[in-house]
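One-letter residues, chain by chain:
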Amino acid sequence: MAILPTEPEFEQAYNELATTLENSTLFQKHPEYRTALKVSAIPERVIQFRVVWEDDAGNLQVNRGYRVQFNSALGPYKGGLRLHPSVNLSILKFLGFEQIFKNALTGLSMGGGKGGADFDPKGKSDGEIRRFCTSFMRELGKHIGADTDVPAGDIGVGGREIGYLFGAYRKDRNKFEGVLTGKGLSWGGSLIRPEATGYGLVYYVDLMLQHMGKGGFAGKRVAISGSGNVAQYAALKCIELGATVVSLSDSTGALVLDGAEDSFTPEDISAIMSLKEKRKAITEFSGNGKHRYIAGARPWVYVGKVDIALPCATENEVSKEEAEVLVRNGCYVVAEGSNMGCTQEAIDLFEAERQTKGSSAIWYAPGKAANCGGVAVSGLEMAQNSQRLRWTREVVDERLKDIMKDAFEAGLKSAAEYVETKEGELPSLVAGSNIAGFIKVAEAMHDQGDWW
Ligand code: GLU
């Protein structure tokens, strides 16, 4: 069996995909794809290693480092590195597994992988982060390369960490190559990469709104969780498009605006960005006095009536109970900026609503599709590195918009082909996106003799 009993997060991600495939007509039409699913559930390779580094007090510290090289049928392994104390093999296998199909949906040549360490960046000095990254790359560097495996950021890994990691690789391997994405602009990075996941999410939701006949973002109330890279740029794009952003959060609690007209402003987001750059909690946000801070909470049950909910923090951050409150309060779009942001129970609730309430139902978009903009622009960064050229902001942004549109339409098309949908019912984006990504990967694996 592909799932080990100690891998609850991977089991959840695998079951979500497998169930949507089972409940569609895919396996009736193509029974051979069951074999492809069985094979694709096991990573091609898992690398585990020790990371020893020295803290500022001169003490030895040790962490567990990993890289899951899950699937390379569509291109070099591609996916972020997560630095967080919760990191373990189950979490990285879930993220790596999702990444395979997400990357397929971008239409670019990227396989799927994920890595990281159970290192906690919170409260660490720049020197400690640098020494950790150098030591981490000393081992990881033996297993990656511009044509082999191209890591990037995820939770706990931003521009600064990518810089230290790239520097360590460059010096150890004596190679300046596009081995990481999310690089600085003067040394191979792409314009729009920092913004890409958040912007792409908003572009995707805009397509959902248009499909539902609800116009664009102007005048909509949007609840966002998280306050890292994805949440920041999703919020900025929502505000730019005329929406009201009524919440943000971090692991310490949520910031919520109650007034009907109140919204976080671009200045508020800049203030939060600089707090987060210093690894500080949102409790330190002084704001304009209009928000309230709810300690230890996620925003969903405190935001009141919202049109759109964008989970942008981490996995399983919307429970069934929170999903019920969102539905009761009239929310009609939930799209994940985070990976596996909703629990299976929350997804089941959204999907049941979709099947019973026709066009007035809530529409759920999985992270695999809705947040693929980040890795998509990573793919564009790889393309620019191969050309040794840099594209303009406008070119990258246009390509990002096109990719989000293609990902959205691929989900709709597969849903129409393989998922029974009653007259007047919105199509299942979770089933459609899973099927579209899966078929692409399964076919490439078959062509290359990975299964037969
Ligand atoms: N960590 C991001 C994701 O979950 C980006 C990965 C990348 O750019 O390679 O998709």
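Not measured: the values here are computed from a predicted model.

It is worth spelling out the layout of surface pockets at this point. In this structure, the second largest pocket occupies an estimated 460 Å³ of space. If you trace the second largest pocket, you find 26 residues lining it, with Gly178, Met382, Gln384, Asn385 and Ser386 closest to the centre. Of all the elements, helix α13 (residues 373–387) adds the most residues to the lining of the second largest pocket, at seven residues. Residue composition of the lining of the second largest pocket, grouped by class: 12 nonpolar, eight polar and six charged.

Take the site of the ligand next. Contacts to the ligand come from 13 residues, most closely from Lys78, Lys102, Gly153, Asp154 and Ser378. At 2.7 Å from an oxygen atom of the ligand is found a side-chain nitrogen or oxygen belonging to Lys78. Here an oxygen atom of the ligand and a side-chain polar atom of Gln99 are 3.2 Å apart. When the ligand sits alone it has 300 Å² of accessible area, and the protein chains cover 94% of it. Looking at the shell around the ligand, the elements that each hand over two or more residues are β3 (77–83), α4 (89–105), β5 (149–153) and α13.

As a further point, take the packing of helix α7 (residues 196–211) against helix α8 (residues 229–240). Each pair of packed helices can be described by the angle between their axes along with the distance between the axes. Running from amino to carboxyl end, α7 crosses α8 at an angle of 50 degrees, the nearest separation of the two axes being 7 Å. Here α7 is positioned oblique relative to α8, judged by the angle of their axes. Seen from above, α7 lies across α8 with right-handed handedness. In contact with Thr197, Gly198, Tyr199, Leu201, Val202 and Tyr203 of α7, α8 contributes Asn229, Val230, Tyr233, Ala234, Lys237 and Cys238. When grouped by side-chain class, the residues that make up the contact of α7 with α8 number eight nonpolar, three polar and one charged.

The sites that carry the UniProt feature "binding site: NAD(+)" (unreviewed entry) are, in the present numbering, Thr197 and Asn229. A maximum C-alpha distance of 8.1 Å places the annotated residues, which cover 33 residues in sequence, within one compact spot. Among the secondary structure elements, Thr197 is positioned in helix α7. Assessed through its relative accessible area of 9%, Thr197 is described here as buried. Those residues in contact with Thr197 that sit more than four places away from it in its chain are Asn229, Val230, Gly337, Asn371, Gly373 and Gly374. Inspection of the secondary structure assignment puts Asn229 in helix α8.

Okay, the UniProt feature "binding site: substrate" (unreviewed entry) in the protein chain next. UniProt tags Lys78, Gln99, Lys102, Gly153 and Ser378 as "binding site: substrate" (unreviewed entry). Within the secondary structure, Gly153 sits in strand β5. When sequence neighbours within four positions are dropped, the list of residues in contact with Gly153 reads Gly80, Leu81, Ile162 and Thr181. With respect to the helices and strands, the residue Ser378 is situated in helix α13.

Here the focus is the pattern of salt bridges. Where side chains of opposite charge bring their charged atoms close, a pairing between them can arise. Using the criterion set out here, one finds 30 salt bridges in the structure. The salt bridge partner of Asp262 is Lys290, with a shortest N-O separation of 3.6 Å. Separated by 28 residues along the polypeptide, Asp262 in the loop between β8 (253–257) and α9 (266–277) and Lys290 in the loop between α9 and β9 (291–295) bring together distant segments of the chain. For Asp262, a relative accessible area of 16% corresponds to the buried category. Two residues, Glu353 and Lys357, come together in a salt bridge whose shortest N-O distance is 2.7 Å. Owing to a relative accessible area of 15%, Glu353 belongs among the buried residues under this scheme. What emerges from the salt-bridge pattern is a single network uniting Arg82, Lys114, Asp154 and Glu315.

Cut-offs used in this document
Residues numbered from 1 in each chain as written. Predicted model: local features only at pLDDT ≥ 70, side-chain atom pairs only at ≥ 80, totals over all residues. Heavy atoms only, no water. 1 Å grid on protein atoms, 1.4 Å probe; cavity = no way out; pocket = protein on both sides within 12 Å on 5 of 7 lines; lining within 4 Å. Points joined across faces, edges and corners; volume = space filled by probe spheres on them. Helix = DSSP H or I, 4+ residues; strand = E, 2+ residues; numbered from the N terminus. Nonpolar A, V, L, I, M, F, W, Y, C, P; charged D, E, K, R; others polar. Near = heavy atom within 4 Å. Polar contact = N/O pair within 3.5 Å; in protein donor to acceptor, adjacent residues only side chain to side chain. Areas by Shrake-Rupley, 256 points an atom, 1.4 Å probe, with all protein chains shown as cover. Axes fitted to C-alpha atoms, helices over the stretch in contact; angles between N-to-C directions. Parallel < 35°, antiparallel > 145°, perpendicular 65-115°, else oblique. Left-handed = near helix turned anticlockwise from the far one by under 90°. Contact = heavy atoms within 4.5 Å. UniProt positions renumbered as here; feature names shortened; annotations may be inferred. Buried < 20%, exposed > 50% of the residue type's maximum accessible area, 1.4 Å probe, protein only. Salt bridge = Lys/Arg side-chain N within 4 Å of Asp/Glu carboxyl O.

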